[in-house]
Amino acid sequence: MRIVALAGGIGGARFLRGLLAAVGPQDEITVIGNTGDDIHLYGLKVCPDLDTVMYTLGGGINEEQGWGRTDETWSIKAEMKEYGVGPEWFGLGDRDFATHLVRSQMLTAGYSLSQVTEALCVRWNPGVRLLPMSDDRVETHVRITDEQGTRAVHFQEYWVKLHAAVDAEAIVPVGADTAKPAPGVLEALAEADVILFPPSNPVVSIGTILAVPGIREAVAASPAPVVGLSPIIGGAPVRGMADKVLAAVGVEATAEAVALNYGPDLLDGWLVDTADEKAVAAVEAAGIACRAVPLLMTDVEATAEMARTALALAERVRK
């Protein structure tokens, strides 16, 4: 079975770990990773979502945080602070710095982000084929109004520095409209047996991937069933502040509203948590097959069961 998953950072990575536990060694998993969270810091190209998937599946993630490296040290950050070089609000540990140094060196030497990601994965052996959504530069920005007036800030500043405490007025994936899908992305979608939307942020993770011209169209045109898992349980995001960015695009923070925002042109199936069982009828009325099952990723086995259920629903709605 050829499975393609569109994924953001922590939620996507943890779901993929369960997916790997649920499938057989003969199955092939391609992950199209969000690069809209990418940011340049200290002259380095940082790809938070790609790295979170790579570290999580490769056994190097800080499990408590869900991001960054395990057994991390912070000497470089401390020295940068002594020099007065910021930003202090975005933490890069010493081990993590090495990844960004290698990536930046290779990009400067002329390699594409796809080639660099493939090279980095040789070390981590994540068990999936990890593709950036695009080799072109795309960065998600958020329009806010605060004491400094109305302005646009990088998504990382909004999420990490401001903790989404200010209302998001608009979400803009800068550069997405002129970006091209990375090599292999459209081919993977066309050849997939199943396409999955993990419980990643539907606006700034999966939504940004779909904003790259050609990707949404390829998902919609694929003969493979497309099944998503709700990142919203009981009217609140499981992790993070997805409700803030959903409000910016006029979508309620409910499992039903997220499914309807994707729409039946993309989704064939949708899983909601048992706490949202009342949403099943409305989602199915929109033409999307829906089931209510436990969706909390409490451990790998619970997540693997979620993945098995998603694959079973895909078989049920296969076109």
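Residues numbered from 1 in each chain as written. Predicted model: local features only at pLDDT ≥ 70, side-chain atom pairs only at ≥ 80, totals over all residues. Heavy atoms only, no water.

Asker: Report on the overall build of the protein chain, specifying residues and quantitative values.
Answerer: Looking only at helices and strands, one finds 13 helices and 14 strands in the protein chain. Compactness check: the protein chain gives a C-alpha radius of gyration of 19 Å against a globular reference of 20 Å for 319 residues, within 12% of the reference. Its C-alpha atoms put the protein chain at 60 × 50 × 40 Å along the principal axes. Once local pairs closer than 6 in sequence are excluded, the contacts in the protein chain between residues at least 24 apart make up 71%. Surface accessibility of the protein chain: about 13500 Å² in total, with carbon and sulfur atoms responsible for 51%. Here the protein chain contributes 25 positively and 42 negatively charged side chains, and the mean placements of these two sets differ by 1 Å. (Helix = DSSP H or I, 4+ residues; strand = E, 2+ residues; numbered from the N terminus. Rg over C-alpha atoms; globule rule 2.2 N^0.38 Å. Contact = heavy atoms within 4.5 Å. Areas by Shrake-Rupley, 256 points an atom, 1.4 Å probe, with all protein chains shown as cover. Lys, Arg positive; Asp, Glu negative; His and termini not counted. Charge placed at Lys NZ, Arg CZ, Asp CG, Glu CD.)

Asker: Lay out the packing of aromatic side chains with the relevant residues and their values.
Answerer: By the definition in use, this model includes six aromatic pairs. Where Tyr-42 meets Phe-97, the ring centres are 5.7 Å apart and the plane angle is 40°; that geometry is what we call tilted. Of this pair, Tyr-42 sits in the loop between β3 (39–41) and β4 (44–46) while Phe-97 sits in helix α4 (residues 94–108), placing them 55 residues apart in sequence. Accessibility expressed as a relative area gives 23% for Tyr-42, which makes it partly exposed. Residue Phe-97 is classed as buried on the basis of its relative accessible area of 6%. Between Tyr-55 and Trp-124, the ring centres sit 5.2 Å apart and the planes meet at 65°, which makes this aromatic pair edge-to-face. Placement of the pair is Tyr-55 in helix α2 (residues 48–58) and Trp-124 in helix α5 (residues 113–124), with a sequence separation of 69 residues. Under the relative-accessibility criterion, Tyr-55 is labelled buried at 1%. Every member of this aromatic cluster is reached through a ring pair, and the members are Phe-197, Tyr-262 and Trp-270. Here the basic side chain of Arg-69 rests over the ring of Tyr-55, its NZ or CZ set 5.5 Å away from the ring centre. (Phe/Tyr/Trp six-rings, centres within 6.5 Å; stacked < 30°, edge-to-face > 60°. Buried < 20%, exposed > 50% of the residue type's maximum accessible area, 1.4 Å probe, protein only. Lys NZ or Arg CZ within 6 Å of the ring centre and 35° of its normal.)

Asker: Explain the environment of Met-106 to me, using residue names and the numbers behind them.
Answerer: Within the secondary structure layout, Met-106 lies in helix α4. Linking Met-106 and Leu-266, residues 160 residues apart in sequence, is a C-alpha distance of 36 Å. Residues contacting Met-106, with those up to four places away along its chain left out, are Tyr-111, Val-116 and Ala-119.

Asker: Provide a residue-level description of the nonpolar core, including the pertinent values.
Answerer: One finds Leu-6, Tyr-158, Leu-189, Phe-197 and Trp-270 to be the most contacted residues of the largest nonpolar core, which totals 56 residues. In terms of residues, this core owes the most to one element, helix α11 (residues 255–262), which gives five residues. In terms of nonpolar packing, the next biggest core, distinct from the first, is built from 41 residues, Ile-61, Trp-124, Val-194 and Ala-289 among them. (Core = buried A, V, L, I, M, F, W, Y, C linked by side-chain atoms within 4.5 Å.)

Asker: Give me the lowdown on the state of the cysteines, citing residues and values where you can.
Answerer: Under the defined criterion, the tally for this structure stands at zero disulfides. The thiol of Cys-47 is not disulfide-bonded; the next cysteine sulfur, from Cys-121, is found 11 Å away. (Disulfide = S-S within 2.5 Å.)

Asker: Now, about α4: what can you tell me, with residues and values included?
Answerer: Helix length check: α4, at 15 residues, gives a terminal C-alpha distance of 21 Å against a target of 21 Å (1.5 Å per residue), a fit within 8%. What α4 keeps buried is the set Asp-94, Asp-96, Phe-97, Thr-99, His-100, Arg-103, Ser-104 and Met-106. On its buried face, α4 is in contact with β4, α2, α3 (75–82) and α5. Positive backbone phi, approximately 110°, marks Gly-110, located one or two places after α4. (Expected span 1.5 Å × (residues − 1).)

Asker: Which residues make up helix α1 (residues 10–22), and what values do they have?
Answerer: Each α-helix turn comprises 3.6 residues. Residues three or four places apart therefore point the same way. With 13 residues, α1 should cover 18 Å at 1.5 Å per step; its first-to-last C-alpha distance of 19 Å lies within 8% of that length. Residues Ile-10, Gly-12, Ala-13, Phe-15, Leu-16, Gly-18 and Leu-19 constitute the buried set of α1. On its buried side, α1 packs onto β1 (2–7), β2 (28–33), α2, β9 (194–197), β10 (226–229) and α13 (300–316).

Asker: Report on the pattern of salt bridges, specifying residues and quantitative values.
Answerer: Enumeration according to the criterion identifies 12 salt bridges in this entry. Among the ionic pairs, Lys-45 bridges to Asp-38, the shortest N-O distance being 3.4 Å. Both residues of the pair, Lys-45 and Asp-38, count as buried. Notably, a salt bridge pairs Arg-103 with Asp-51, separated by 2.4 Å at the nearest N-O pair. One end of the pair, Arg-103, is in helix α4; the other, Asp-51, is in helix α2, with 52 residues separating them in the sequence. Using a relative accessible area of 1% as the deciding quantity, one classes Arg-103 as buried. Each member of the salt-bridge network shares a partner with another, and the members are Asp-146, Arg-151 and Glu-157. (Salt bridge = Lys/Arg side-chain N within 4 Å of Asp/Glu carboxyl O.)

Asker: For the packing of α2 against α4, give the residues involved together with the corresponding values.
Answerer: Interaxial distance between α2 and α4 falls to 12 Å at its minimum, and their mutual angle equals 120°. Relative to α4, α2 is oriented oblique. Helix-helix and strand crossings are classified by hand; for α2 and α4 the assignment is right-handed. Across the interface between the two elements, Asp-51, Met-54 and Tyr-55 from α2 touch Asp-96, Thr-99, His-100 and Arg-103 from α4. (Axes fitted to C-alpha atoms, helices over the stretch in contact; angles between N-to-C directions. Parallel < 35°, antiparallel > 145°, perpendicular 65-115°, else oblique. Left-handed = near helix turned anticlockwise from the far one by under 90°.)

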